[in-house]
Amino acid sequence: MKTGKVDVLLGLQWGDEGKGKIVDVLTPRYDVIARFQGGPNAGHTLEFEGQKYVLRSIPSGIFQGGKVNIIGNGVVLAPDLFMNEAKELESSGHPLTERLYISKKAHLIMPTHRILDKANEVAKGKEMVGTTGKGIGPTYTDKTSRNGLRVGDILENFEEKYTLHKKRHLKILTSMGWTNFDGFEDVERAWFEGVEYMKKFKFVDSEHEINHILHEGKSLLCEGAQGTMLDIDFGSYPFVTSSNTISAGACIGLGVGPNKIRNVYGIMKAYCTRVGSGPFPTELFDETGARIRELGHEFGAVTGRERRCGWIDLIQLRYSVMVNGVTELIMMKSDVLDNFDTIKACVGYRLPNGDYTEEMPYDISGVEPVYKEFKGWNTETSKFKTEDQLPTEFIQYMTFLEEFLDTRISIISLGPDRDQTIVRN
Ligand code: GDP
Ligand code: IMO
Ligand code: MG
């Protein structure tokens, strides 16, 4: 049977690796770009021609002409936020309606899901996850408990269904003692406006749409959101998101068979960041961490929160390469390390009981990283266009990562702009 190729691109750390930028760079090679999980908790930044865009629910293939972009069944969608995002793109000269399809099976994030998200966090107290507050967890909870509201529901008796779900949510909130509903009516009004706005897009059975396209020999790039360490199964549970962010999530979130997947592009920063709570073995609490944050502009694209910064963690990355079946690595933001005398990489963990391991343990809280040190390259790399311009120390660092992770780095990103990218032969 004739079939086109399916590649997956996803984050290997705790999110914000630079997925949006690279999806945009790779889009010319594909016919279709699709998001398969997550929702407006994502913030994918793209820069080109002096403009900067942050995408939350819309795939990052939307800026390259003539491509179909799909919001897959595995995604959770907030109509009001989607409307704001789409309108902003359209007003900046990027028409969407003809080339953005939405799966009927994608679940809707209701206004009450966002309140539930907050109420759950408050109830957890100091154990809070530090969610983005976008209602992601409660929406996926309703999906798995078979109480969800889907895009396809918009087409029939929608208000009736909405009211039933809302009543159920309000009961839960009352039982939790939640009383703060400030501004709820305005939010609800904007949400319904968003639902109306969504109707101008093509609601599709995206599994059929995608498999038809593949059958025609066309190609698909699946765009991951969040990162492997935020995966509901393999991440640093319970400080994770509520979806499967790993490569297998693309099969579930789009309806493509695992035998169709060819390349898995794993994206990593040359260092590491994390937003929200939870363990982060290589986190730096000193001036070096603050310097990385400043130079890397490590502030959340969605919430503006400070990102926690630290050295690259090769134990964590080797685990991510394993669970995703990564075939090619993409190294981002190494330019941020341009002026460091010493660069460190974690190559082992000292466990709280004193044992040493080079394998990801069940629980990473309290582990002490064991580092290998590298001499920094002390060279401005952001203007480099070819691999042979890269300094020796840079090549040494990169080669060590490739050997440790047993995977080739095929793309190097040296700045936020589309053009600041070296694709290696
Ligand atoms: P995503 O969620 O994985 O798409 O990543 P984010 O957009 O949340 O965060 C990545 C940030 O780094 C954005 O502000 C990008 O513009 C920026 N960025 C991406 N690649 C590079 C790079 O190679 N160098 C630098 N300095 N910044 C980059
Ligand atoms: P992109 O796609 C970084 C984090 C939150 C929190 C945890 C759970 O831009 O890489 P949620 O709202 O999903 O229930 O929050 O996950 N988180 C992200 N961190 N990048 C993201 O997306 C994230 N999406 C969620 O900070 O710790
Ligand atoms: Mg992001």
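Everything numeric in this text was worked out from a predicted model, so none of it was measured. Numbers given to residues run from 1 along each chain, matching the order in which its sequence is written. Whichever chain is written first is A, and whichever ligand is written first is 1; the rest continue in order. In view of the model being predicted, local features appear only for residues whose pLDDT reaches at least 70, and side-chain atom pairs are presented and counted only at 80 or more, with totals across whole chains, interfaces and linings using the full set of residues. Side-chain measures were taken over the full set of non-hydrogen atoms in the model, leaving aside hydrogen atoms and water.

Chemist: It is not clear to me how the overall build of the protein should be interpreted in this structure. Could you clarify?
Modeler: Within the protein, the regular secondary structure consists of 11 helices and 20 strands. Here the protein has a C-alpha radius of gyration of 21 Å; the compact-globule value for 425 residues is 22 Å, and the two agree. In what follows, a contact means two residues having at least one pair of non-hydrogen atoms within 4.5 Å. Long-range pairs, those at least 24 residues apart, make up 76% of the contacts in the protein with a sequence separation of at least 6. Per-residue and other accessible areas were derived by the Shrake-Rupley procedure at a 1.4 Å probe size, with only the shown protein chains allowed to occlude residues. Split by element, the accessible area of the protein, about 17,900 Å² in all, is 50% carbon and sulfur. The positive charge centre, built from 51 side chains, and the negative charge centre, built from 59, are 4 Å apart in the protein. For the purposes of this entry, the term helix denotes a DSSP run of H or I that reaches at least four residues, the term strand denotes a run of E that reaches at least two, and both are numbered from the N terminus. It is over C-alpha atoms that the radius of gyration is taken, and the globule rule equals 2.2 Å times the number of residues to the power 0.38. We treat Lys and Arg as the positive residues and Asp and Glu as the negative residues; His and chain ends play no part in the count. A single reference atom marks each charge: NZ on Lys, CZ on Arg, CG on Asp, CD on Glu.

Chemist: For this particular structure, what's the right way to read the pattern of salt bridges?
Modeler: Pairing of side chains with opposite charge becomes possible as their charged atoms draw close. By definition here, a salt bridge exists when the distance from a side-chain nitrogen of Lys or Arg to a carboxyl oxygen of Asp or Glu is within 4 Å. Within the structure shown, the criterion is met by 24 salt bridges. Notably, a salt bridge pairs Arg 307 with Glu 298, separated by 2.7 Å at the nearest N-O pair. Relative accessible area decides the class of each residue, using a 1.4 Å probe on protein chains only: under 20% of the type maximum gives buried, over 50% gives exposed, and in between gives partly exposed. On the basis of relative accessible area, Arg 307 is assigned to the buried category, the value being 7%. The partner of Glu 358 in a salt bridge is Arg 318, and the shortest N-O contact between them spans 4.0 Å. Here Glu 358, found in the loop between strand 17 (356–357) and strand 18 (368–375), pairs with Arg 318, found in helix 10 (residues 314–324); they are 40 residues apart in sequence, far enough to count as distant. Look at Glu 358 and you get partly exposed, because its relative accessible area is 40%. A cluster of three or more residues bridged by salt bridges with shared partners is formed by Asp 16, Lys 269, Glu 298, Arg 307 and Lys 333.

Chemist: Any chance you could explain the site of ligand 2 here in plain terms?
Modeler: In the neighbourhood of ligand 2, 21 residues make up the surrounding shell, with Asp 16, Lys 19, His 44, Thr 132 and Thr 241 lying closest. With respect to ligand 2, the side chain of Lys 19 contributes an N or O atom lying 2.7 Å from an oxygen atom. Polar contact criterion, stated in full: a pair of N or O atoms within 3.5 Å, where within protein one must be able to donate a hydrogen and the other to accept it, and residues adjacent in sequence count only if both atoms are side-chain atoms. The backbone of Gly 130 places a nitrogen or oxygen atom 3.4 Å from an oxygen atom of ligand 2. Summarising the interface, the protein chains cover 97% of the accessible area of ligand 2, which totals 550 Å² for the free molecule. Being near a molecule or strand, for a residue, comes down to having at least one heavy atom within 4 Å of it.

Chemist: What's the story with the UniProt feature "active site" (unreviewed entry) in the protein in this structure? I'm lost.
Modeler: UniProt positions are given in the numbering used here, feature names are shortened, and annotations may be inferred rather than shown by experiment. Following the UniProt record, the feature "active site" (unreviewed entry) maps to Asp 16, His 44 and Lys 143 here. For this annotated set, covering 128 residues, the C-alpha atoms extend up to 25.6 Å from each other, a dispersed arrangement in space. Looking at the element boundaries, Asp 16 is found in the loop between strand 1 (6–11) and helix 1 (19–26). On the accessibility criterion, Asp 16 (23% relative accessible area) is partly exposed.

Chemist: What is the right way to read the coordination of the magnesium ion (ligand 3) from this model?
Modeler: Note on metal geometry: ideal angles are 109.5 degrees for four donors arranged tetrahedrally and 90 or 180 degrees for six donors arranged octahedrally. Surrounding the magnesium ion (ligand 3) are the protein donor atoms Asp 16 (OD) and Gly 43 (O), at 2.1 to 2.2 Å. Taken as a pair, Asp 16 in the loop between strand 1 and helix 1 and Gly 43 in the loop between strand 2 (32–35) and strand 3 (44–48) lie far apart in primary sequence, 27 residues in all. Ligating atoms shown are N, O and S within 2.8 Å of the metal, or 3.2 Å for Na, K and Ca, and water is not included, meaning a site may look less than complete.

Chemist: Explain helix 1 here, please?
Modeler: For an α-helix the count is 3.6 residues per turn, leaving residues at separations of three or four pointing the same way. In terms of burial, helix 1 is largely enclosed, as 8 of its 8 residues are buried. When helix 1 is considered as a whole, its buried residues turn out to be Lys 19, Gly 20, Lys 21, Ile 22, Val 23, Asp 24, Val 25 and Leu 26.

Chemist: What exactly am I supposed to notice about the sheet that holds strand 19 (residues 409–413) here?
Modeler: Strands pair in a sheet through their backbones, by hydrogen bonds, and they do so in one of two ways: parallel or antiparallel. In short, DSSP must find at least two bridges between two strands for them to pair. Read from one edge of the open sheet, 10 strands run 9-7-5-2-10-1-11-15-19-20, paired in mixed fashion. In this open sheet, the two edge strands, each paired with only one partner strand, are strand 9 (202–204) and strand 20 (421–423). Mean inter-strand twist for the sheet, computed between neighbouring axes without regard to direction, equals 20°. Where strand 1 lies against strand 11 (residues 261–269), 5 bridges are found, and the strand directions are parallel. Looking across to strand 11, one finds that Val 6 is bridged to Ile 261. Helix axes are fitted only over the stretch in contact, all axes being lines through C-alpha atoms; the angle between N-to-C directions runs from 0 to 180 degrees.

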